There are 2 protein chains.
Amino acid sequence: MNWYLQNGKDSDVVISSRVRLARNIENYTFMPKISEEEANKVLQKIKDITPSIGYGLKFINLNDVDDITKVSLVEKHIISPEFAANKNKWGAILINDEENISIMINEEDHIRMQVFSSGLDLENLKNLAIEIDEKLDNLLHYASHEKYGYLTACPTNVGTGMRASVMVHLPALTMTGNINKILNIVNSFGMNIRGIYGEGTQSQGDIYQISNNQTLGLTENDIIKNINTITEKVIQQERMARKYLAKSIDLEDRVYRAYGTLSFATKLSSDECKRLLSYVKLGTDLGIIKELTDSKVAKLYLYNNPANLQKYVGKELDGYERDIKRPEVIKQIINEK
Amino acid sequence: MNWYLQNGKDSDVVISSRVRLARNIENYTFMPKISEEEANKVLQKIKDITPSIGYGLKFINLNDVDDITKVSLVEKHIISPEFAANKNKWGAILINDEENISIMINEEDHIRMQVFSSGLDLENLKNLAIEIDEKLDNLLHYASHEKYGYLTACPTNVGTGMRASVMVHLPALTMTGNINKILNIVNSFGMNIRGIYGEGTQSQGDIYQISNNQTLGLTENDIIKNINTITEKVIQQERMARKYLAKSIDLEDRVYRAYGTLSFATKLSSDECKRLLSYVKLGTDLGIIKELTDSKVAKLYLYNNPANLQKYVGKELDGYERDIKRPEVIKQIINEK
């Protein structure tokens, strides 16, 4: 099963974990100054070594991926929106069937490796990332600097080139009005906390991404340790808020009303669905809603997204058609055996 | 089965029909000037003849009825709110098991007979009322006047002493905004149209009562004919509005969202429930909602009412307890085989 449909540690609050490494190949011009010729050489070089990397990774030229599939990968956070919209046509992606390893080629750097897991699992992800990283370094030879570490196109990534992040679901902190306090605390610890599609995006359905600011002057272990520490605090606060709310009949009523609307509406926008799912996930995590499994909730989140919805039904749909089709798909998922 | 759980002619729009006769007994002081002694004589007189009337009618002294049962009868429109609140303690009611015949003793008049049916059925009700009326007249001898007809406590009832009414459900006319036009038309034909608990009450859940203004100078047949005519027009208009609305996906969405909330809320006030039921009944009548039968919808309407809810669960509940218990009862009714 794909990682994003699974259930991991602390997954009542932590939806998923991700570790990303930014790398570049020695003796090749960095993005975005690279020429078309050189960029194609990078592609070819990586295509050639793909079988040697292992992990079931397959090389896919971005030109061979249709737009809906591209956006569906963005919705799963497997590739970046910028990469999907890439107009220079020199992009490729290495990906395995489980989709828990994704390596974007010629995104902001020559290599952007990401590993994913459901729940809170940064330690294992870091180990996996480093393991793959060493293989790639042996095969490709990275650009690095004795003092600064790995060199990257953007100076904010120099050093470890590592960004670790977790996606957290914080509906109770939102309901109790304590969310802003938490956001400030996380920021004051040198972490970013922001909407789920990265920088500058708003939270949707009470989901936030916590990630490290700093890539230089810290070891990989420090970065993971810091994020784990702050995430544990956020989990604790969110759970306390849930415990507080769970005492009131109103919470039960709210989550079940959301479930009722989700189950019976026949026209539903993606945004409304996200708001409803936030309550429904909370209700399921708290054991209030017994009609759903965690895996169904994860599926509902996934196929609510416009492109994944179209992948699910196997055809292109405009916005209006999606709002009509979405409730049908939701009912199918809810009623799955 | 009790009439209010059944389904009659045109019951997509007409919930129920009622014919009421106001009568007084010759040589007894009229209400409210009657003395306690005389009032008790009226009670005794009627108690004595009850077996001779037939129809399975039983004599019940209002003093022997607990408050919740009284209010539950009001909610079913079987007795008037004023009668239930009657403080003078000289009231009684003759009622049969089906509850389609109810005779209030010492309400506004010595005798207030009501006969009920689901759907549009005024002609049959009138015949039944007259049949019972003749029996009563033979047994009791009514106060009447050669010129004016039956004499009543309030001059507005003099003459036939008859009021015929239908309860109509007009959600589509409300949604399309044409309801006020219809209310004006009904009024201009010399009919009353008003909220479901009679004069001065507001519509709840888009349910209105249409009844005749006039009791004097018209025959019983004229009254029934007039109400039938105007009701047919209202039915026609409501059905046209439904046909118009049914074309849009939004109606389906609205009725199913209401059904979703009704099915899953865990805290629900009577007023909100009435609003939801209005959509749910519309959806069921239009064949959009297939999960419910007409009889279940009628049951939901009945047991939403505070006193009938308490009768259903068999114990006294305060307002907060009712709002918690109501959703449980709703789920039971929805899931009944």
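Figured I'd write up the structure that's included with this text. These numbers were taken from a predicted model, which means no experiment stands behind them.

Thoughts on the sheet that holds strand β10 (residues 207-212) of chain A
All names here are of chain A.
So, point 1. Spatially, the eight strands line up as an open sheet ordered β2-β3-β4-β5-β1-β8-β10-β9, and their pairing is antiparallel. The open sheet has two free edges, formed respectively by β2 (58-61) and β9 (191-194), since each of these has just one partner strand. Between one strand and the next, the sheet's axes are offset by a mean angle of 20 degrees, whatever the strand orientation.
So, point 2. Looking at chain direction, strand β3 (residues 92-95) and strand β4 (residues 101-105) are connected through four bridges and run antiparallel. Among the inter-strand pairings, Ile93 is bridged to a residue of β4, identified as Met104.
So, point 3. Docked against the sheet, helix α1 (residues 36-53) engages β2, β3, β4 and β5 (111-118), running at close to 155 degrees with respect to β2.

A word on the sheet that holds strand β10 (residues 207-212) of chain B
All names here are of chain B.
So, point 1. With antiparallel pairing, eight strands are arranged side by side in an open sheet as β2-β3-β4-β5-β1-β8-β10-β9. Each having just a single partner strand, β2 (58-61) and β9 (191-194) make up the two edges of the open sheet. Sheet twist, expressed as the average angle between the axes of neighbouring strands with direction ignored, equals 20 degrees.
So, point 2. Note that strand β4 (residues 101-105) and strand β5 (residues 111-118) share five bridges and pair antiparallel.

Observations regarding the relation of the copies chain B and chain A
Mapping between the two copies of the chain is achieved by a rotation about an axis and a shift along the axis.
So, point 1. Note on the identical chains: chain B maps onto chain A by a rotation of 180 degrees and an axial translation of 0.1 Å, with an RMSD of 0.0 Å. The operation mapping one copy onto its partner corresponds to a two-fold rotation axis. Taking C-alpha positions as the reference, the residue of chain B nearest the rotation axis is Gly260 of chain B, at 2.0 Å.
So, point 2. By residue overlap, the copies meet face to face through one surface: 100% of the interface positions of chain B are interface positions in chain A.

Here's the deal with empty space enclosed by the protein
Residue and element names in this part refer to chain A.
So, point 1. Inspection of the entire model under this criterion finds two cavities of 30 Å³ or more.
So, point 2. Empty space within the largest cavity amounts to approximately 480 Å³.
So, point 3. Lining the largest cavity are 28 residues; nearest its centre among them are Tyr4, Ile15, Met167, Ala298 and Tyr301.
So, point 4. A breakdown of the residues in the lining of the largest cavity according to their chemical character gives twelve nonpolar, ten polar and six charged.

Section: the interface of chain B and chain A
So, point 1. Taken together, the contact pairs 19 residues of chain B with 19 residues of chain A.
So, point 2. For the pair chain B and chain A, the summed buried area comes to about 1500 Å², and 58% of that belongs to carbon and sulfur atoms.
So, point 3. Interface area lost by chain B to chain A is led by Arg257, Phe264 and Thr266 of chain B, which between them contribute 41%.
So, point 4. The interface formed by chain B and chain A contains four salt bridges.
So, point 5. As a salt-bridge pair, Arg257 of chain A and Glu272 of chain B come within 2.7 Å of each other at their nearest N and O atoms.

Parameters at a glance
Residues numbered from 1 in each chain as written. Chains lettered and ligands numbered in written order. Predicted model: local features only at pLDDT ≥ 70, side-chain atom pairs only at ≥ 80, totals over all residues. Heavy atoms only, no water. Pairing = 2+ DSSP bridges. Helix = DSSP H or I, 4+ residues; strand = E, 2+ residues; numbered from the N terminus. Axes fitted to C-alpha atoms, helices over the stretch in contact; angles between N-to-C directions. Contact = heavy atoms within 4.5 Å. Least-squares fit on C-alpha atoms with pLDDT ≥ 70 in both. 1 Å grid on protein atoms, 1.4 Å probe; cavity = no way out; pocket = protein on both sides within 12 Å on 5 of 7 lines; lining within 4 Å. Points joined across faces, edges and corners; volume = space filled by probe spheres on them. Nonpolar A, V, L, I, M, F, W, Y, C, P; charged D, E, K, R; others polar. Buried area = accessible area lost by both parts, 1.4 Å probe. Salt bridge = Lys/Arg side-chain N within 4 Å of Asp/Glu carboxyl O.

Purely geometric numbers; function is a separate question.
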